[in-house]
Protein chains: 2
Amino acid sequence: MSTPARQRATAFAPASVGNVAIGFDIMGFSVDALGDRVTVSVRDTPGVEILATRGVADELPREPRNNTAGRAVLALLEALRPGFGFSIEIDKGIPLGSGLGGSAASAVGAVVAANALLPQPAGPLELLKFALAGEAVASGGRHADNIAASLFGGLVLTVGIDHPRVKQIPVPAGVRAVIVHPHMFLATARARAILKGSVELSDFVWQTANLAGFISGCYTSDLDMIRASLEDVVIEPQRAALIPGFHDVRRGAMEAGALGCSISGAGPTMFALSTDATAPAVLAAMRREFARQSLATDEWVVEMRPTGARVIG
Amino acid sequence: MSTPARQRATAFAPASVGNVAIGFDIMGFSVDALGDRVTVSVRDTPGVEILATRGVADELPREPRNNTAGRAVLALLEALRPGFGFSIEIDKGIPLGSGLGGSAASAVGAVVAANALLPQPAGPLELLKFALAGEAVASGGRHADNIAASLFGGLVLTVGIDHPRVKQIPVPAGVRAVIVHPHMFLATARARAILKGSVELSDFVWQTANLAGFISGCYTSDLDMIRASLEDVVIEPQRAALIPGFHDVRRGAMEAGALGCSISGAGPTMFALSTDATAPAVLAAMRREFARQSLATDEWVVEMRPTGARVIG
């Protein structure tokens, strides 16, 4: 058994918006205004136990293999074999079924905290793989959009799964993300199950043009290009019906000056990108349209800074 | 009738590689080593006539509506109505059915030459639309990958068709394109007809990740990312069988150190990207594998400089 670097660490892992309209399963951005806190402690016996789950979701599985944080730390233990085990406490700050990357944040927070205890910490791409194994418990598949955004922070692209490569895409100065979370639950599995197994070739071309335009617009601070290209013609039309008032919320955001507006991950949370100046009006319009559906909301305006999960205690 | 700026102009429009593996119908790069020369003269009567077609392809349609250059200039005349007409002579430097954007180059060269005669020349995005109308004659659909690459030069992304937006993507220093044209004819219409009308969702995700990775790799000069992402998992598998020795040519290029290797446009020309140092070995491997198929080749190594079509006389 090696000697732990410390006995206990707490990590904060931010919420995240997956897909970002044009990057289904490959792009996400962090929402630092909320997140999960995961505390990991060394224990002498091997393996993982979940000591407690608290916060806005307390009905999480306690069996480590069925818990995103537990499974992620098990993946870390299996790969690195430090010779000791971990106890995990999870403080959820992200509601379940909100589309804000809650399961990803728990997995990321757990591996970041556990990594701080290791005498030889793993690198970020290794942590990404461990967290991916954890999130697969919740989503039924491996996709890195939320994981990479929460781990690295900012607007993040992930290419590849077995050998992932990560790019933090620059966000033009003054661009903000408006996040509006309506108080309803939408199971990720349901939002994924309704998706067709294929994409029309013409929609494929349109969506790839939008993706490429968005990324080039980010690298060149070209807000006109971002506005023209931040539109999901593949996934959003299939999921819109799952969110009451979707089209009105989107229209409200766009009429208030948003650069684009779509579903956060699998929903029901919606996001818009806008300039700093128009963000308050965009937020007000989105809140108003959800209210017309009798849905109360939480809202945040964030900068998408490239600061991801970190040890906070 | 307005007064022409001059009576006669000749434009050079470069060949181009469409698709670039991961940007089907939306991305292309110019190949300045060869191209079409189009000479346009003012004539007093309205409309367009094709005076001559010369060069490596002399069997082009003489009816302006059926000729890519003629149709493009007709689109220009219909939009701008200068009050005079144009006579067109086409010197083809790009073989027909080569996959090197020959029809696009004729359309681009024609509008660039005609534009030089106008008292109030149109801007480049207007010229792009006119040339698109011309190329549709040859390809049966409007897609800007070859047109925009030939018109603007360099590695070019086009977003949107009715209101196109163009981005010249930076090419990392030292990166070269190796172009190998086997001496066979492949009808673009045939290469397009074999494509399935839809894309599997998993392939869609994979290809979009590759596209996004390639573009971000270009903006950040990240050759490792370019090498990991320059792979077409959607179109190339469907077209590979149309090109004798395709898999051997590709394998030869990759084993010689290429960053990626795929089909130029609809084929049969193939291209590879590589560093300056490995380009000669990549070229030799591709030529060798085509030779094993008893196919002679023409080859070029180009820099993808952002210099597009221009008036040369």
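Here the structure is a predicted model, which is why all the values come from computation and not from measurement.

Caption draft 1: Up close: the relation of the copies chain A and chain B. Mapping chain A onto chain B leaves a residual RMSD of 0.0 Å; the transformation is a rotation of 180° accompanied by 0.0 Å of translation along its axis. Taken together, the rotation and translation relating the two chain copies correspond to the operation of a two-fold axis. Minimal C-alpha separation from the rotation axis in chain A is found for V199 of chain A, amounting to 2.5 Å. Looking at the interface residues of chain A, 97% of them are also at the interface in chain B, so both copies use one shared face.

Caption draft 2: Structural context of the nonpolar core. Core analysis: the largest hydrophobic core is formed by 210 residues, its most contacted members being V73 and V111 of chain A together with V73 and V111 of chain B. Here this core gets 10 residues from one element, more than from any other, and that element is helix 2 (residues 102-117) of chain A.

Caption draft 3: Fine view of helix 10 (residues 279-292) of chain A. All names here are of chain A. Look at helix 10: 20 Å from first C-alpha to last across 14 residues, which is about the 20 Å you get at 1.5 Å a residue. Listing the buried residues of helix 10 in full gives A279, V282, L283, A285, M286, R287, E289 and F290. Residues of helix 10 that are buried sit in contact with strand 7 (175-182), helix 9 (246-255), strand 10 (270-275) and strand 11 (297-302). At the C-terminal side of helix 10, S294 shows a positive phi close to 60°.

Caption draft 4: Representation of unusual backbone geometry in the model. For the peptide bond that leads from G267 of chain A to P268 of chain A, omega is 5°, which places it in the cis range. Among the structural elements, P268 of chain A can be located in the loop between strand 9 (260-263) and strand 10. The backbone phi angle of A21 of chain B is positive, close to 70°, even though this residue is not glycine. By the element assignment, A21 of chain B lies in the loop between strand 1 (8-18) and strand 2 (27-43). In this structure, R81 of chain B is a non-glycine residue whose phi angle is positive, near 45°. By the element assignment, R81 of chain B lies in the loop between helix 1 (68-80) and strand 4 (85-92).

Caption draft 5: Spotlight on the sheet that holds strand 9 of chain A. Residue and element names in this part refer to chain A. Strands sit in the order 9-10-7-11 across an open sheet of 4 strands; the sheet is antiparallel. Because the sheet does not close on itself, it has two edges, and the strands there are strand 9 and strand 11. Across the sheet, the mean angle separating the axes of adjacent strands is 20° when strand polarity is ignored. Alignment of strand 7 against strand 10, held across 6 bridges, turns out to be antiparallel.

Caption draft 6: Region of the structure containing the sheet that holds strand 9 (residues 260-263) of chain B. Residues and elements named next belong to chain B. On the basis of which strands lie adjacent, the open sheet formed by 4 strands has the order 9-10-7-11 and antiparallel pairing. The open sheet terminates on both sides in strands that have one partner only, identified here as strand 9 and strand 11 (297-302). Strand-to-strand, the axes of this sheet are offset by a mean angle of 20°, without reference to chain direction. By the bridge criterion, 6 bridges tie strand 7 (residues 175-182) to strand 11 in an arrangement that is antiparallel. Within strand 11, the position partnered with H181 by the bridge is D298. Its contacts with the sheet put helix 10 (residues 279-292) on strand 7, strand 10 (270-275) and strand 11, and the angle it makes with strand 7 is roughly 15°.

Caption draft 7: Just the pairing of strand 9 of chain B, in detail. All names here are of chain B. Sheet analysis places strand 9 next to strand 10, joined by 4 bridges and oriented antiparallel. By the bridge assignment for strand 10, S262 is matched with F271. Connecting the antiparallel pair strand 9 and strand 10 is a turn made up of 6 residues, with G265 showing a positive phi of about 55°.

Caption draft 8: Spatial organisation of the interface of chain A and chain B. Taken together, the contacts link 31 residues of chain A with 30 residues of chain B. At the level of elements, strand 5 (155-159), strand 6 (165-169), strand 8 (198-200), helix 6 (201-219) and helix 7 (223-229) of chain A are the ones that each hand at least two residues to the side of chain A that touches chain B. The greatest single-element share of the side of chain A that touches chain B, amounting to 12 residues, is contributed by helix 6 of chain A. Looking at the side of chain A that touches chain B residue by residue, the classes come out as 18 nonpolar, 9 polar and 4 charged. One ladder, built from 3 bridges, connects strand 8 of chain A with strand 8 (residues 198-200) of chain B; its direction is antiparallel.

Caption draft 9: Here's a closer look at helix 9 of chain A. Residues and elements named next belong to chain A. All of the buried residues in helix 9 are F246, V249, R250, G252 and A253. Each buried residue of helix 9 lies within a common arc of 160° when the element is viewed along its axis, so the set occupies one face. Opposite the buried face of helix 9, by more than 90 degrees, sit the exposed residues H247 and E255. Close packing links the buried residues of helix 9 with strand 9, strand 10 and helix 10. A positive phi of about 105° marks G257, the residue just after helix 9.

Cut-offs applied
- Residues numbered from 1 in each chain as written.
- Chains lettered and ligands numbered in written order.
- Predicted model: local features only at pLDDT ≥ 70, side-chain atom pairs only at ≥ 80, totals over all residues.
- Least-squares fit on C-alpha atoms with pLDDT ≥ 70 in both.
- Contact = placed C-beta atoms within 7 Å.
- Core = buried A, V, L, I, M, F, W, Y, C linked by C-beta atoms within 7 Å.
- Buried ≥ 20, exposed ≤ 12 C-beta atoms within 10 Å, placed from the backbone.
- Helix = DSSP H or I, 4+ residues; strand = E, 2+ residues; numbered from the N terminus.
- Expected span 1.5 Å × (residues − 1).
- Pairing = 2+ DSSP bridges.
- Axes fitted to C-alpha atoms, helices over the stretch in contact; angles between N-to-C directions.
- Nonpolar A, V, L, I, M, F, W, Y, C, P; charged D, E, K, R; others polar.
- Arc of directions from axis to C-beta.

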